[in-house]
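Commentary on secondary and tertiary structure
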Amino acid sequence: MNARKINRMAVVGAGVMGAGIAQIAALAGVTVHLFDSREGAAQAARQGIVTTLEKLCAKGKLSEQQVQAAAQHLLAANALAELADAQLVVEAIVENLEIKRALFADLEAVVADDCLLATNTSSLSVTAIAAQCRVPGRVGGFHFFNPVALMKIVEVIDGLKSEPWVGATLLALGERFGHTAVRAQDTPGFIVNHGGRGYGTEAMRVLSESVTDPLTLDRILREQAGFRMGPCELFDLTGLDVSHPVTESIFEQYYQESRYRPTLITRQRLDAGLLGRKVGQGFYHYVEGVQQVPDEAPAPNVKLPMVWVSMARPQARDAVIGLLQRLGARIDTGLRPGPDALCLVLPLGTDATHAAIAEGLDPMRTLALDTLLPLERRRVLMTTTITAPGWRDAAHALLAADGKPVSVIRDSAGFVAQRVLAHIVNIACDMAQQGVANPKDIDSAIRLGLGYPLGPLAWGDALGGDTVLQILDNLHDYYRDPRYRPSPWLMRRARLDLSLLTADT
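Residues numbered from 1 in each chain as written. Predicted model: local features only at pLDDT ≥ 70, side-chain atom pairs only at ≥ 80, totals over all residues. Heavy atoms only, no water.

1. With respect to the overall build of the protein chain
Within the protein chain, the regular secondary structure consists of 20 helices and 16 strands. Taking the principal axes of its C-alpha atoms as reference, the protein chain extends roughly 85 × 50 × 45 Å. Counting the 505 residues in the protein chain, one finds 55% classified as buried. Long-range pairs, those at least 24 residues apart, make up 70% of the contacts in the protein chain between residues at least 6 apart in sequence. Carbon and sulfur atoms provide 53% of the accessible area of the protein chain, an area that totals close to 21200 Å². (Helix = DSSP H or I, 4+ residues; strand = E, 2+ residues; numbered from the N terminus. Buried < 20%, exposed > 50% of the residue type's maximum accessible area, 1.4 Å probe, protein only. Contact = heavy atoms within 4.5 Å. Areas by Shrake-Rupley, 256 points an atom, 1.4 Å probe, with all protein chains shown as cover.)

2. Concerning the side chain of Arg378
If you trace the backbone, Arg378 turns up in the loop between strand E14 (366–369) and strand E15 (379–383). Of the polar contacts made by the side chain of Arg378, one reaches the side chain of Glu223; its length is 2.8 Å. In this structure, Arg378 is in contact with Arg219, Ile220, Glu223, Gln224, Glu296, Pro405, Val406 and Ser407, ignoring residues within four places of it in sequence. (Polar contact = N/O pair within 3.5 Å; in protein donor to acceptor, adjacent residues only side chain to side chain.)

3. Overview of the sheet that holds strand E12 (residues 330–331)
The strands that make up a sheet are held in pairs by hydrogen bonds between backbone atoms, and each pair lies either parallel or antiparallel. Here we have 6 strands laid out as an open sheet, ordered E12-E11-E13-E14-E15-E16, and mixed in their pairing. Edge positions in the sheet fall to E12 and strand E16 (406–409), since each has one partner strand and no second. Note that E15 and E16 share 4 bridges and pair parallel. Residue pairing for E16: Met382 is matched across the bridge by Ile409. Across the sheet, helix H15 (residues 389–399) touches strand E11 (306–309), strand E13 (341–345), E14, E15 and E16, and the angle it forms with E15 is around 170 degrees. (Pairing = 2+ DSSP bridges. Axes fitted to C-alpha atoms, helices over the stretch in contact; angles between N-to-C directions.)

4. Considerations on the nonpolar core
Val89, Leu107, Ile191, Met204, Leu217, Leu221 and Phe227 are the most contacted members of the largest nonpolar core, which totals 101 residues. Beyond its immediate stretch of four places on either side in the chain, Phe227 contacts Tyr199, Leu221, Arg222, Leu421, Ile424, Tyr452, Pro453 and Trp459. In terms of nonpolar packing, the next biggest core, distinct from the first, is built from 38 residues, Leu34, Val67, Phe177 and Ala181 among them. (Core = buried A, V, L, I, M, F, W, Y, C linked by side-chain atoms within 4.5 Å.)

5. Digging into the sheet that holds strand E2 (residues 31–35)
Spatially, E3-E2-E1-E4-E5-E6-E7-E8 is the arrangement adopted by the 8 strands of the open sheet, whose pairing is mixed. The open sheet has two edge strands, strand E3 (74–76) and strand E8 (180–185), and neither has a second partner. Sheet twist, expressed as the average angle between the axes of neighbouring strands with direction ignored, equals 25 degrees. Pairing between E2 and E3: 3 bridges, direction parallel. Bridged to Val32 within E3 is Leu74. Along the sheet, helix H4 (residues 97–108) contacts strand E1 (8–12), strand E4 (88–91), strand E5 (116–119) and strand E6 (139–144); its crossing angle with E5, the most-contacted strand, is approximately 165 degrees.

6. Section: the packing of aromatic side chains
Overall, the coordinates contain 11 aromatic pairs when judged by the stated rule. Taken together, a centroid distance of 4.8 Å and an interplanar angle of 75 degrees make the contact between Phe142 and Phe144 edge-to-face. For the pair shown, Phe142 and Phe144 are each scored as buried. Following the ring pairs from residue to residue traces out a cluster consisting of Tyr199, Phe227, Tyr452 and Trp459. Taking the ring centre of Tyr479 as reference, the NZ or CZ of Arg205 above it sits at 5.1 Å. Over the ring of Trp489 we find Arg493, and its NZ or CZ is 3.4 Å from the ring centre. (Phe/Tyr/Trp six-rings, centres within 6.5 Å; stacked < 30°, edge-to-face > 60°. Lys NZ or Arg CZ within 6 Å of the ring centre and 35° of its normal.)

7. A look at the environment of Lys161
As for its placement among the helices and strands, Lys161 is situated in the loop between strand E7 (153–158) and helix H6 (164–176). Sequence separation between Lys161 and Thr387 is 226 residues, and the spatial gap between their C-alpha atoms is 60 Å.

8. As for the pairing of E7
In terms of burial, E7 is largely enclosed, as 6 of its 6 residues are buried. What you see with E7 is no split at all: Ile153, Glu155 and Ile157 on one side and Val154, Val156 and Asp158 on the other are buried throughout. Note: E6 against E7, 5 bridges, orientation antiparallel. Looking at E7, one finds that Gly140 is bridged to Asp158. Pairing geometry for E7 and E8, over 6 bridges, is parallel. The residue of E8 that forms the bridge with Ile153 is Thr180. In this region the chain leaves E7, passes through H6 and returns to the parallel neighbour E8; the handedness of that crossover is right-handed. (Right-handed = clockwise from strand over helix to strand, strands pointing away.)

So, in C-alpha cells, the structure goes:
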C-alpha cells in the first residue's frame, strides 16, 4: 500500500528523544503538537528546541527563515484531547510495556481510527505494545537514536499485525526528516541493538580469558581495526547501568542464544558501581570527566633478529616479508627455520601455540602476527604459552622499528580483531538469514547507528567471506562453543563466492 503523507503529527513525551523528534519534524515542515503529562514540560521543551535552532542559525547551519518556519510548526499541547486531528502520534515515553499500552489506549479514545500510532521504543516488542489496541494494524515502530538530529538513522519496525501502509508511511517520513530509514521485523533489538551485540560481548570474552588488559584491548580495536572507540571506552561512556541490562535482555529474549552471551566482567563491575564516566570510575579512572590513560611504554631496545616466516599462507607471508625487509630484518629463507631465527606464524582463528605445533616449530621462539588487517597501523603480536621473553622482546622491537605501535598479547585463538570482527560479521549474517531486515538495510543501519568504519556485511566482503568463515570454523573447533558456529548465510555465500550483501532470489 502507498505511503500516506503526514502534515500534522504529535509527539507524546517531551524528554530528550521526544524533543529531538519534534525538532526534525518541524524543520521538515510538519506541524507538531508536543505533549507531556508533566506540567509545563511541553512548553519548556518547545522553547528549548527554538533556542537550539536559533543557535544553529547563529552558526550558519540554518537560515532565519528556516528557524521561523520551524517555530511556527511547533506547538505545545496541554491535553491529549488537543491531538485529536493528528495523522500520526509518536510516543517517546518511559520504556515500560504497561505504561505504553495505557498511553495507546488513551490515544485511541482521542484520535481517528486512521491515525497512525508509532512507538519510539528501543527494547520492547512493537507487537506486544499493539496487542491490546483496538486497531492494532495502525501501530508501528519508529525508533530514532540519541541525539536525534545528529544520528541520521531511524528504524521502522513492522509488528505482526501492522498494516503495510504503516511501515511505508514511516519510511517516507523518516526520509523526509533527512534520515536514512530502514525497515525491520519486530525482533529483539531490531537491527542496531541486535547487531551491536558482537562488539562488546566478544571483547569482554577476550578480557575474561586474560588475553590482555582493557587499555591494550581498546588500542587494538580502535587503532588496528578502526573503531571510533574501544569497547571499554564505550562501556564507560554509555554506563554499565545502561549497556549491561540491554545485553542481558537481548540474551534472554533470544532464549539464551550463545552468540549474545554476556560475561561476568560487566555484571560484576555493574554490581560494584563501576559504571564509567558518570561516576568517575569504570574500566578507566576519570578526573573531572577526563579519562586518565598512561603513555604507551616504548618498544624494547634489543638487537633485531633473523626472522623465519611461516609458509602456510603464501599471500600473507609475502606481505609480511616485504614489511620486515623495509624494517631492516634479515630473512631466513629456508624451508625450515635455522637455530637462531625468530619464528613468525600467521594464523587465522587459531592460537600461536597450536600454530607452532602444527608447523613443527619451537614454541619458545615462536610468535604469531595478526595479518587480517593492514600492517601499516597498530601491529599485534601473540606469544605462545612458553615464548621466551628474549624472543618476545626481539619480535616487538623489530615490528616497532619504523615507529609504528605494537601490542603484544597472550595466546588466544583468533587474536583480538579477528575474533571481534568475525563475530560482528557472523551476527549480521544471521540477522539476514532470519529476515530481520534486508542485507543492505542491516549494513547501513549498523554502520550509521553504531559508527562502525564499514557496515558488518560490507566489512565481511572486504575481509573475504571465506576468510571470515575460516576464522569462525577454527574458533568453533577450538572452543567447542556454539557461539562461534557460522551462519548459513555466511557459509553459502562464502562457498559461492558471493557478496554477503546479496539477497536470496
